[in-house]
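# Understanding the architecture of this molecule
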Amino acid sequence: MIFLKLFIEFFKIGLFAIGGGPATIPFLMDIAERYDWYTVNDVTNMLAVSESTPGPIGINMATYAGFRAAGLPGGLVATLSLVLPSLIVICIIAKILDRFSKNMYVRSSFATIRPAVTGLIATAVFGIFRVAIFTTAEGKWQFPIYLVLLCAAFYGVMNIKKFKKLHPAVWILCGAVIGIIFKL
(Lines give C-alpha, C1' and ligand atoms only; values in the text may rest on other atoms or scores of the structure.)
Protein backbone atom coordinates (compact mmCIF):
# COMPACT_ATOMS: atom_id res chain seq x y z
CA MET A 1 0.00 0.00 0.00
CA ILE A 2 2.87 2.40 0.75
CA PHE A 3 4.18 1.96 -2.80
CA LEU A 4 0.81 2.98 -4.26
CA LYS A 5 0.73 6.05 -1.98
CA LEU A 6 4.31 6.92 -2.97
CA PHE A 7 3.42 6.53 -6.63
CA ILE A 8 0.33 8.75 -6.36
CA GLU A 9 2.02 11.47 -4.29
CA PHE A 10 5.14 11.71 -6.43
CA PHE A 11 3.17 11.43 -9.66
CA LYS A 12 1.19 14.48 -8.48
CA ILE A 13 4.43 16.30 -7.68
CA GLY A 14 5.81 15.45 -11.12
CA LEU A 15 2.60 16.65 -12.72
CA PHE A 16 2.21 19.95 -10.86
CA ALA A 17 5.72 21.04 -9.75
CA ILE A 18 6.40 23.16 -12.79
CA GLY A 19 9.70 24.98 -12.48
CA GLY A 20 12.12 22.24 -11.54
CA GLY A 21 13.45 20.90 -8.26
CA PRO A 22 12.83 23.89 -6.01
CA ALA A 23 9.16 23.83 -7.00
CA THR A 24 8.88 20.34 -5.45
CA ILE A 25 9.71 21.62 -1.95
CA PRO A 26 6.20 22.86 -1.01
CA PHE A 27 4.81 19.50 -2.12
CA LEU A 28 7.41 17.61 -0.08
CA MET A 29 6.58 19.72 2.98
CA ASP A 30 2.90 18.94 2.50
CA ILE A 31 3.68 15.22 2.34
CA ALA A 32 5.75 15.55 5.54
CA GLU A 33 2.71 16.97 7.32
CA ARG A 34 0.29 14.32 6.04
CA TYR A 35 2.39 11.16 6.32
CA ASP A 36 4.99 9.90 8.78
CA TRP A 37 7.52 9.12 6.04
CA TYR A 38 9.77 12.02 7.01
CA THR A 39 9.60 15.34 8.89
CA VAL A 40 9.70 18.95 7.70
CA ASN A 41 13.26 19.14 9.07
CA ASP A 42 14.11 16.12 6.91
CA VAL A 43 13.11 18.21 3.87
CA THR A 44 16.02 20.55 4.61
CA ASN A 45 18.32 17.53 4.81
CA MET A 46 16.89 16.27 1.52
CA LEU A 47 17.59 19.64 -0.05
CA ALA A 48 21.17 19.65 1.28
CA VAL A 49 21.81 16.12 0.00
CA SER A 50 20.12 16.88 -3.34
CA GLU A 51 22.15 20.05 -3.82
CA SER A 52 25.34 18.20 -2.91
CA THR A 53 24.90 15.27 -5.28
CA PRO A 54 24.97 15.22 -9.06
CA GLY A 55 21.68 15.22 -10.92
CA PRO A 56 18.42 17.13 -10.92
CA ILE A 57 17.35 18.34 -7.47
CA GLY A 58 13.74 17.17 -7.80
CA ILE A 59 14.73 13.64 -8.76
CA ASN A 60 17.34 13.45 -6.00
CA MET A 61 14.79 14.67 -3.46
CA ALA A 62 12.18 12.17 -4.66
CA THR A 63 14.69 9.34 -4.42
CA TYR A 64 15.72 10.41 -0.91
CA ALA A 65 12.10 10.83 0.26
CA GLY A 66 11.04 7.50 -1.23
CA PHE A 67 14.04 5.79 0.33
CA ARG A 68 13.18 7.29 3.74
CA ALA A 69 9.60 6.07 3.36
CA ALA A 70 10.14 2.54 2.05
CA GLY A 71 13.81 1.77 1.44
CA LEU A 72 15.33 1.16 -1.98
CA PRO A 73 12.05 0.07 -3.65
CA GLY A 74 10.40 3.23 -2.29
CA GLY A 75 13.18 5.37 -3.75
CA LEU A 76 12.72 3.74 -7.14
CA VAL A 77 8.93 4.14 -7.06
CA ALA A 78 9.13 7.80 -6.00
CA THR A 79 11.74 8.61 -8.65
CA LEU A 80 9.96 6.87 -11.50
CA SER A 81 6.58 8.31 -10.57
CA LEU A 82 8.05 11.82 -10.38
CA VAL A 83 9.52 11.49 -13.88
CA LEU A 84 6.54 9.76 -15.52
CA PRO A 85 4.27 12.85 -15.88
CA SER A 86 7.07 14.81 -17.55
CA LEU A 87 7.71 11.98 -19.95
CA ILE A 88 4.02 11.75 -20.86
CA VAL A 89 3.56 15.51 -21.18
CA ILE A 90 6.74 15.98 -23.25
CA CYS A 91 5.65 13.27 -25.68
CA ILE A 92 2.23 14.89 -26.09
CA ILE A 93 3.58 18.43 -26.32
CA ALA A 94 6.22 17.47 -28.86
CA LYS A 95 3.46 16.23 -31.12
CA ILE A 96 1.16 19.24 -30.88
CA LEU A 97 3.11 22.30 -29.69
CA ASP A 98 4.72 22.96 -33.02
CA ARG A 99 1.27 23.38 -34.56
CA PHE A 100 -0.02 25.66 -31.78
CA SER A 101 3.06 27.69 -30.79
CA LYS A 102 1.72 30.84 -32.45
CA ASN A 103 -1.75 30.45 -30.90
CA MET A 104 -2.60 33.38 -28.60
CA TYR A 105 -4.20 31.07 -26.01
CA VAL A 106 -1.09 28.92 -25.80
CA ARG A 107 1.14 32.00 -25.49
CA SER A 108 -1.18 33.50 -22.88
CA SER A 109 -1.21 30.33 -20.82
CA PHE A 110 2.60 30.15 -20.79
CA ALA A 111 2.76 33.83 -19.80
CA THR A 112 0.51 33.17 -16.78
CA ILE A 113 2.28 29.96 -15.78
CA ARG A 114 5.56 31.84 -15.19
CA PRO A 115 4.29 33.94 -12.24
CA ALA A 116 2.68 30.86 -10.69
CA VAL A 117 5.98 28.98 -10.90
CA THR A 118 7.78 31.97 -9.41
CA GLY A 119 5.30 31.90 -6.51
CA LEU A 120 5.92 28.19 -5.93
CA ILE A 121 9.67 28.72 -5.88
CA ALA A 122 9.33 31.75 -3.56
CA THR A 123 7.23 29.62 -1.19
CA ALA A 124 9.93 26.96 -1.22
CA VAL A 125 12.65 29.52 -0.53
CA PHE A 126 10.68 31.00 2.38
CA GLY A 127 10.00 27.54 3.85
CA ILE A 128 13.64 26.47 3.66
CA PHE A 129 14.75 29.89 4.97
CA ARG A 130 12.46 29.56 8.00
CA VAL A 131 13.65 26.07 8.88
CA ALA A 132 17.34 26.68 8.08
CA ILE A 133 17.65 29.99 9.92
CA PHE A 134 15.33 29.56 12.88
CA THR A 135 15.58 25.91 13.95
CA THR A 136 18.19 23.21 14.30
CA ALA A 137 17.60 19.48 13.86
CA GLU A 138 16.97 19.39 17.61
CA GLY A 139 14.26 22.07 17.24
CA LYS A 140 16.27 24.78 19.01
CA TRP A 141 16.21 28.43 17.98
CA GLN A 142 19.41 29.52 16.20
CA PHE A 143 18.59 32.82 14.51
CA PRO A 144 21.46 35.29 15.11
CA ILE A 145 24.64 33.57 13.91
CA TYR A 146 23.00 31.77 10.97
CA LEU A 147 21.33 34.93 9.73
CA VAL A 148 24.69 36.74 9.87
CA LEU A 149 26.28 33.89 7.86
CA LEU A 150 23.43 33.98 5.34
CA CYS A 151 23.75 37.75 4.86
CA ALA A 152 27.55 37.54 4.55
CA ALA A 153 27.35 34.78 1.93
CA PHE A 154 24.59 36.56 0.02
CA TYR A 155 26.50 39.86 0.05
CA GLY A 156 29.72 38.14 -1.01
CA VAL A 157 28.13 36.29 -3.91
CA MET A 158 26.23 39.34 -5.13
CA ASN A 159 28.90 42.03 -4.73
CA ILE A 160 32.44 40.67 -4.57
CA LYS A 161 33.94 39.43 -7.84
CA LYS A 162 36.18 36.83 -6.20
CA PHE A 163 33.19 35.26 -4.43
CA LYS A 164 31.05 35.26 -7.58
CA LYS A 165 33.58 32.98 -9.27
CA LEU A 166 33.63 30.40 -6.47
CA HIS A 167 32.07 27.05 -7.29
CA PRO A 168 28.88 26.28 -5.30
CA ALA A 169 30.66 23.26 -3.76
CA VAL A 170 33.02 25.68 -2.03
CA TRP A 171 30.06 27.44 -0.36
CA ILE A 172 28.60 24.09 0.72
CA LEU A 173 31.95 23.00 2.14
CA CYS A 174 32.36 26.33 3.97
CA GLY A 175 28.88 25.94 5.45
CA ALA A 176 29.72 22.44 6.65
CA VAL A 177 33.00 23.58 8.22
CA ILE A 178 31.32 26.53 9.97
CA GLY A 179 28.57 24.21 11.25
CA ILE A 180 31.17 21.82 12.66
CA ILE A 181 33.06 24.68 14.30
CA PHE A 182 29.89 25.98 16.00
CA LYS A 183 29.02 22.48 17.26
CA LEU A 184 32.41 22.09 19.02
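For the structure itself, consult the block above.
### Looking at the nonpolar core
Counting 26 residues, the largest nonpolar core has Phe10, Ile25, Leu28, Tyr38, Val43 and Met61 as the members making the most contacts within it. Of all the secondary structure elements, the ones that give two or more residues to this core are α1 (2-16), α2 (25-34), α3 (40-52), α4 (57-100) and α5 (104-134). For this core, the element with the most residues is α4, which contributes 8 residues. For Leu28, the contacting residues outside a window of four places in its chain are Phe10, Ile13, Tyr38, Val43, Met61 and Ala65.

### Topic: the pattern of salt bridges
Using the criterion set out here, one finds 4 salt bridges in the structure. Close ionic contact of Glu9 with Arg34 constitutes a salt bridge, the shortest N to O distance being 2.8 Å. You can see Glu9 sitting in helix α1 and its partner Arg34 sitting in helix α2, a full 25 residues away along the chain. The class of Glu9 is buried, set by a relative accessible area of 5%. Beyond isolated ion pairs, a larger network of salt bridges with shared partners links Glu9, Lys12, Asp30 and Arg34.

What counts and how
- Residues numbered from 1 in each chain as written.
- Predicted model: local features only at pLDDT ≥ 70, side-chain atom pairs only at ≥ 80, totals over all residues.
- Heavy atoms only, no water.
- Core = buried A, V, L, I, M, F, W, Y, C linked by side-chain atoms within 4.5 Å.
- Buried < 20%, exposed > 50% of the residue type's maximum accessible area, 1.4 Å probe, protein only.
- Helix = DSSP H or I, 4+ residues; strand = E, 2+ residues; numbered from the N terminus.
- Contact = heavy atoms within 4.5 Å.
- Salt bridge = Lys/Arg side-chain N within 4 Å of Asp/Glu carboxyl O.

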